[in-house]
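Okay, here's what each chain looks like letter by letter:
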Amino acid sequence: MVIKLSQFILLLSLLTLIGCDQPKATDKAFDFKSLIEKRPTSTATEIIKSSSGKSQIQIPQNWRQVHGNRTQDGHLYDIQVAMNYGDSMILIIEEPLIDFDPNYRLSKYTELTLGFIKQKLKHARIHSGPFNIEIHGMRGKQHVIHGSTDGIKGVMLHTTLQGRHCFYQILAITSPSRLEKEKEELLKIVRSFHEAV
């Protein structure tokens, strides 16, 4: 399944995601809301810094840093980590605030990124959200997006944050069969995100 998920992530990076049927709201495996509102303690053991040094996350021992995935415009993700023997990956994009109008806010950035996903990732479906969050003093929004490509289904927790220096987009991706087991760990890693001083 790791190869299949890698294909899903590669195709996601190439923006060719095709939506799947939306799961029922009562499907417990797809309920991120209670975990998003919960504040679990982190069991992270290794700090991974972005290529620019502007941000970092903590990952548990069963995760590793990976390289090579690219955004739609060909740039490498600023942070890329994956579960050693699972179907999960987290990709982070930093976008300097200086590149945006001074009045550009988190809500607009979130709309921009979601609009881009909906436009380019044909039939991608927002399953739930937005959830208003705060991670280490940064305001943020989270959405859960479902989709599939070449018959391979995937689930993405899409997080946007506004920091002191950048807007950040965090994509936590897993397969539906692993979601129930891995969603809490994905959220812990996302919550460990820090903007460097």
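Since the structure is predicted, the reported quantities are computational estimates derived from the model, not experimental observations.

Conventions adopted
- Residues numbered from 1 in each chain as written.
- Predicted model: local features only at pLDDT ≥ 70, side-chain atom pairs only at ≥ 80, totals over all residues.
- Heavy atoms only, no water.
- Pairing = 2+ DSSP bridges.
- Helix = DSSP H or I, 4+ residues; strand = E, 2+ residues; numbered from the N terminus.
- Phe/Tyr/Trp six-rings, centres within 6.5 Å; stacked < 30°, edge-to-face > 60°.
- Buried < 20%, exposed > 50% of the residue type's maximum accessible area, 1.4 Å probe, protein only.
- Polar contact = N/O pair within 3.5 Å; in protein donor to acceptor, adjacent residues only side chain to side chain.
- Core = buried A, V, L, I, M, F, W, Y, C linked by side-chain atoms within 4.5 Å.
- Contact = heavy atoms within 4.5 Å.
- pLDDT = per-residue confidence, 0-100.
- Salt bridge = Lys/Arg side-chain N within 4 Å of Asp/Glu carboxyl O.

Judged by pairing direction, the sheet is antiparallel, and its 3 strands sit side by side in the order S1-S2-S10 without closing on themselves. Taken across any chain shown, the strands that pair with only one partner, and hence form the sheet edges, are strand S1 (46-49) and strand S10 (194-195). Bridging between strand S2 (residues 55-59) and S10 involves 2 bridges; their strand directions are antiparallel. The residue of S10 that forms the bridge with Gln56 is His194.

Counted under the stated rule, the structure contains 6 aromatic pairs. Between the aromatic rings of Phe100 and Phe167, the centroid separation amounts to 5.0 Å while the plane-to-plane angle is 85 degrees, which identifies the pairing as edge-to-face. Taken together, the positions of Phe100 in the loop between strand S5 (89-96) and helix H3 (106-120) and Phe167 in strand S9 (residues 166-174) put the pair 67 residues apart, joining distant regions of the chain. By relative accessible area, which is 0% here, Phe167 ends up buried. Aromatic side chains Tyr104 and Phe167 sit 6.1 Å apart centroid to centroid with 75 degrees between the ring planes, which places their arrangement in the edge-to-face category.

Turning our attention to the environment of Thr159. Within the fold, Thr159 resides in strand S8 (residues 152-162). Thr159 sits in the buried class, given a relative accessible area of 0%. Between the alpha carbons of Thr159 and Phe131 there is a distance of 9.3 Å; along the sequence they are 28 residues apart. A distance of 2.9 Å separates polar atoms of two side chains, one belonging to Thr159 and the other to Gln142.

Counting residues in each nonpolar core, the largest one holds 27 residues, and the members touching the most others are Ile57, Trp63, Val81, Ile90, Leu161 and Phe193. Contributions of two or more residues to this core are made by S2, strand S4 (79-83), S5, strand S6 (125-135), strand S7 (138-149), S8, S9 and helix H4 (176-191). Among the elements that line this core, the one with the most residues is H4, at 5 residues. Apart from residues no more than four positions distant in its own chain, Trp63 is found in contact with Val81, Ala82, Met83, Asn84, Ser88, Met89, Ile90, Glu185, Leu186 and Ile189. Judged by nonpolar contacts, the second largest core, of 13 residues, contains Val66, Ala82, Ile117 and Ile173.

The next thing to look at is the pairing of S2. The element S2 is largely enclosed, with a buried count of 4 among its 5 residues. Between the end of S1 and the start of S2, which pair antiparallel, lie 5 residues, with Gly53 showing a positive phi angle near 80 degrees.

Residues of the protein with pLDDT of at least 70 account for 72%, and the chain-wide mean is 77. Segment residues 1-7 is flagged for pLDDT under 50; beyond a separation of four residues in sequence, or across chains, it makes 12 contacts in the model. Taken together, the stretch residues 10-42 has pLDDT below 50 and engages in 90 contacts with residues farther than four places along the chain or on a different chain.

By the definition in use, this model includes 3 salt bridges. Where Glu182 meets Arg178, a salt bridge forms, and the shortest distance between an N and an O atom there is 2.7 Å. Residue Glu182 and its partner Arg178 are located together in helix H4, separated by 4 residues, close to a single helical turn. Classification of Glu182 as buried rests on a relative accessible area of 2%. Note that Glu180 is salt-bridged to Lys183, the shortest N-O span being 3.5 Å. Here Glu180 pairs with Lys183, and both are found in helix H4, just 3 residues apart, close to one helical turn. Taking relative accessible area as the criterion, Glu180 reaches 40% and is therefore assigned partly exposed. Judged by relative accessible area, which is 5%, Lys183 ranks as buried.

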